Amino acid sequence: MSLDRFYPIFDHSDWLRRMLPLGVKLVQLRVKDQPVAEVRKQIVISQQLCREYGATLVVNDYWQVAIDAGCDWIHLGQEDLDDADLKAIKNAGLKLGVSTHDNTELERVLAMAPDYVALGPVYPTILKKMKWHQQGLPRVTEWKQRVGDIPLVGIGGMSVERAPGVLAAGADIISAVTDITLNADPEARVRDWIEVTR
């Protein structure tokens, strides 16, 4: 199964309700600081919406809820890996995407045979405070050489204008958050993203 090159991340199913009809085919639901019952509700709704529109849903962090909801994909950050039951995830048939920021993390993740590797932040990001500075396009090229056939996701400071350069540097997929959610016209921005990545 090949993944779409445009990979937006949203924090609520309402975003999926708005964006999936525009043609989004790969989307991550990243719900933070909510009770598990609310997270479960958001995952179930998002999964239904993705099935309706023929899109792939990736659930951030909540792997047990993702298993219970019959999801196909999970994304884990490095901290999440410490607490996750990777065997249970594999046994449930979930595909796994993982964040990486440095060589040690990449080596750790490659040993898990992930279904995609995310590298970030490629550019400075306002989404969250990170101890890593921007990785830059040369690191994207280097990471792609190292991961080989595993899809490489570029994330962090992404914009429609930067997308062609990131893809040319070797990323297979580009993930965007605030370039869409903070845009004055998110729907128009998603249309621009789809146009530039397909």
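Look a little higher up for the structure.
The structure contained in this document is the topic of the report that follows. Not measured: the values here are computed from a predicted model.

**Brief notes about the sheet that holds strand β1 (residues 6-10)**
Ordered by their spatial adjacency, 8 strands build a closed barrel running β1-β2-β3-β4-β5-β6-β7-β8, and the pairing between neighbours is parallel. Here the strands of the sheet are splayed against their neighbours by 25° on average, with no regard to which way each runs. Lying on the sheet, helix α2 (residues 36-53) is in contact with β2 (26-29) and β3 (56-60); it crosses β3 at an angle near 165°. Running at roughly 150° to β1, helix α10 (residues 186-197) makes contact with β1 and β8 (173-176) of the sheet.

**Considerations on the state of the cysteines**
One pass over the structure, following the stated rule, counts 0 disulfides. This cysteine, Cys71, is not joined by any disulfide, and Cys50 carries the nearest cysteine sulfur, 8.7 Å off. A relative accessible area of 5% places Cys71 in the buried class.

**What about unusual backbone geometry?**
Here the amide bond leading from Gly120 into Pro121 is cis, since omega sits at -10°, within 30 degrees of zero. Tracing the backbone shows Pro121 in the loop between β6 (116-119) and α7 (137-147). Backbone geometry places Asp61, a non-glycine residue, at a positive phi of 75°. Position of Asp61 among the secondary structure elements: in the loop between β3 and α3 (63-68). One non-glycine residue, Ala113, lies in positive phi territory at about 50°. Here Ala113 lies in the loop between α6 (103-110) and β6.

About the criteria used
Residues numbered from 1 in each chain as written. Predicted model: local features only at pLDDT ≥ 70, side-chain atom pairs only at ≥ 80, totals over all residues. Heavy atoms only, no water. Pairing = 2+ DSSP bridges. Helix = DSSP H or I, 4+ residues; strand = E, 2+ residues; numbered from the N terminus. Axes fitted to C-alpha atoms, helices over the stretch in contact; angles between N-to-C directions. Contact = heavy atoms within 4.5 Å. Disulfide = S-S within 2.5 Å. Buried < 20%, exposed > 50% of the residue type's maximum accessible area, 1.4 Å probe, protein only.

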